[in-house]
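Chain by chain, the residues run as shown.
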Amino acid sequence: MKSVIIRRSRKFEAEQAILELEKRGYEVVFPLTEQNYQGKYFNTDRYNRKIFVENTFNSTWIAKLRKVEL
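Not measured: the values here are computed from a predicted model.

> Account for the pattern of salt bridges, with residues named and values stated.
For the structure shown, the criterion picks out three salt bridges. When the shortest N-O distance is used, the salt bridge between R10 and E13 registers 3.7 Å. Of the residues examined, E13 reaches a relative accessible area of 27% and is grouped as partly exposed.

> Give me the sheet that holds strand β2 (residues 26-44): which residues, what numbers.
If you trace the three strands from one edge of the open sheet to the other, you get β1-β3-β2, paired in antiparallel fashion. Of all the strands in the sheet, just β1 (3-8) and β2 have a single pairing partner and so form its edges. Looking at each pair of strands side by side, their axes are set apart by 25 degrees on average, direction ignored. As defined by bridge partners, β1 adjoins strand β3 (residues 50-67) across six bridges and the pair is classed as antiparallel. Looking at the pairing, R7 lines up with I62 of β3. Contacts from helix α1 (residues 11-23) reach β1, β2 and β3, with the element oriented near 150 degrees to β2.

What counts, and where the lines are drawn
- Residue numbering note: each chain is counted from 1, following its sequence as written.
- It should be noted that, the model being predicted, local features are given only for residues of pLDDT at least 70 and side-chain atom pairs only at 80 or more, the latter also being counted only at that level, while totals for whole chains, interfaces and linings use all residues.
- As a rule here, side-chain values come from all non-hydrogen atoms in the structure, and water together with hydrogens is ignored.
- Just to be clear on terms, a salt bridge is a Lys or Arg side-chain nitrogen sitting within 4 Å of an Asp or Glu carboxyl oxygen.
- To sort residues, take the accessible area from a 1.4 Å probe on protein chains only and compare it with the maximum for the residue type: under 20% means buried, over 50% means exposed, and anything in between is partly exposed.
- A pair of strands is treated as paired once DSSP finds two or more bridges between them.
- Think of it this way: any DSSP run of H or I at least four residues long counts as a helix, any run of E at least two long counts as a strand, and we number them from the N terminus.
- Under this scheme, a helix contributes an axis fitted over its contacting stretch, all axes are lines through C-alpha atoms, and angles between N-to-C directions fall in the 0 to 180 degree range.
- Note on definitions: a residue-residue contact is assigned when non-hydrogen atoms from the two residues lie within 4.5 Å.

Next up, the structure:
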């Protein structure tokens, strides 16, 4: 069985990709969930020291689908 992992930054894009794959015979194994990632952004000054600039926040929508074998 071949599995496919869908990763999209917007929810409606992920839902659309899931619907298209379901039309081609895939089934959802792991439902659509949002994963959040946080980090920090640093810059360097003229002495090459790291200076904190801002916090960053990213989120992705992930789902796993599997091909249905008949």
